[in-house]
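Results of the structural survey
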Amino acid sequence: MTGDLQSTVEEHAQAAGFAAGGIAPIPALDSAEGEEQAAYFADWIAQGYAGEMEYLKRKDALGRFVRSSLEVAVPWARSVIVCAAPYGGGPEYPLSTDPAPPGTGWIGRYAWSGKEAPAGPPVPSDYHKVLLRRLKRMEVSLKASLGEFASWAYVDTGPLVERAFSAMAGIGWTGKNLCTLNQERGSFFFLGVILTSLEVPGELRATLPADRCGSCTRCLDACPTGALVGPHQMDASRCISYLTIEKRGTIDPALRAGMGRQIFGCDICQDVCPWNTRARRKPERATADPELLVREPLVNPQLSTLAALSEPEWEALFFGSPVKRARFAGFRRNLAIAMGNSGDQSALPQLGRWASAEEPDATLRETAQWALARVEEVRSLAGGSGGNQKMHSRQEEDPELV
Ligand code: SF4
Ligand code: SF4
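Residues numbered from 1 in each chain as written. Chains lettered and ligands numbered in written order. Predicted model: local features only at pLDDT ≥ 70, side-chain atom pairs only at ≥ 80, totals over all residues.

In the region of ligand 2, 13 residues are neighbours, and Gly175, Cys213, Cys216, Cys219 and Cys273 sit closest. Counting residues per element, the ones that place at least two in the shell around ligand 2 are α6 (218-222) and α10 (274-280). Here the residues of the shell around ligand 2 sort into eight nonpolar, three polar and two charged. Looking at which domains feed residues into the shell around ligand 2, each of domain 1 (5-88 + 124-204) and domain 2 (218-381) gives three or more. (Near = placed C-beta within 6 Å. Helix = DSSP H or I, 4+ residues; strand = E, 2+ residues; numbered from the N terminus. Nonpolar A, V, L, I, M, F, W, Y, C, P; charged D, E, K, R; others polar. Domains from an automatic or database assignment.)

Let us now look at the sheet that holds strand β2 (residues 79-86). Read across the open sheet, the four strands follow the order β1-β2-β9-β6; overall the sheet is antiparallel. One side of each edge strand has no neighbouring strand; the edge strands of this open sheet are β1 (20-25) and β6 (151-154). The average angle at which neighbouring strand axes cross in this sheet is 20 degrees, direction not considered. Bridging between β6 and strand β9 (residues 189-196) involves four bridges; their strand directions are antiparallel. From the neighbouring strand, Ser151 faces β9, where its bridge partner is Thr196. Each of β1 and β2 is contacted by helix α1 (residues 5-15), which is oriented at about 140 degrees to β1, the strand it contacts most. Of the strands in this sheet, β2, β6 and β9 are in contact with helix α4 (residues 127-146), which crosses β9 at around 40 degrees. (Pairing = 2+ DSSP bridges. Axes fitted to C-alpha atoms, helices over the stretch in contact; angles between N-to-C directions. Contact = placed C-beta atoms within 7 Å.)

Lining the immediate surroundings of ligand 1 are Asn177, Cys223, Thr225, Ala227, Leu228, Met234, Cys239, Ile240, Ser241, Cys266, Ile268 and Cys269. Secondary structure elements with two or more residues in the shell around ligand 1: α7 (240-246) and α9 (268-271). Split by residue class, the shell around ligand 1 holds nine nonpolar, three polar and no charged.

Pasting the structure below:
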């Protein structure tokens, strides 16, 4: 084995198409780190912060949360390779917190990804598949270089919370918004993982990236639904990403106004982060990944255009895209909420159709009825002009970071 495992992993990650990669040992369950990770996870579940994400609450035969520790979930694994691929384009694209054209919604930047088509604009690319192909290439090349070892590559579908190991693999520290933050790249990157049977001796461990959040609390202050209940503490059941993507059926009316114009995912706590502001100022950091290009029609899309899509048209627009995870019904429910929050009277006819007795989807019907009243509420709050929900201005001055 090479004397510099970290450099080897980094080289193979870059050769496979990643911007960065590193390897971290898996702490033993009875080590201080292992106990801390398991206790944090158990407490998070006990608080009810996992919402209806039952897969996170699964336990093994001994009553231990499977996701609380890799030693529980994958006993043969000794280390984790974590690789990063940036997404979302450069400063030419707006932030979710910028003032936006009236009647537009926001789709999380991670779902903008497309790849070049033989003719015309980029077509959707599924980042899971893009990253998995690269991880598989890396598995092959690493085994050729280091010798055989057991491995399991995955993207988002595996048993661990990637961020816990991103820091140990040298990718970045965990920000107060729970995103992995890199000093050069900010937080807009996908993470792919390979679990391995490789031992990582102490002297070959990556240097832990320093926590550079300092006294900043912008993400906590900006979260519109109060999902960031404290530094490094998220109530996922209040998070707009969870509500718009994972939550089925009705959304708690108390959270709807705070959802603003987000129709799939939420980038607010990342868009206000000064480390992302800094990363955007570095043109060389702009995404030029040919498989993760920006699909322009998904940037500030018109709500009315999306609301007019039939199910087959919606399926075609988002074929191969993460947006499919919300399902057509969930997406229209999200649209109704965003249209209500827009205060835009031109949304009333569509909302009226969805709110009528002819609409078979009871969740959409009820949400649209709420949205009809919300349009009027927003207009009266805005003195009759409507349309402009609260926007966070761009932060040009950095708070005290470390
Ligand atoms: S993604 Fe949005 S809702 Fe979720 S914690 Fe961040 S700002 Fe809050
Ligand atoms: S906004 Fe501030 S506190 Fe939040 S992750 Fe970024 S630097 Fe850390």
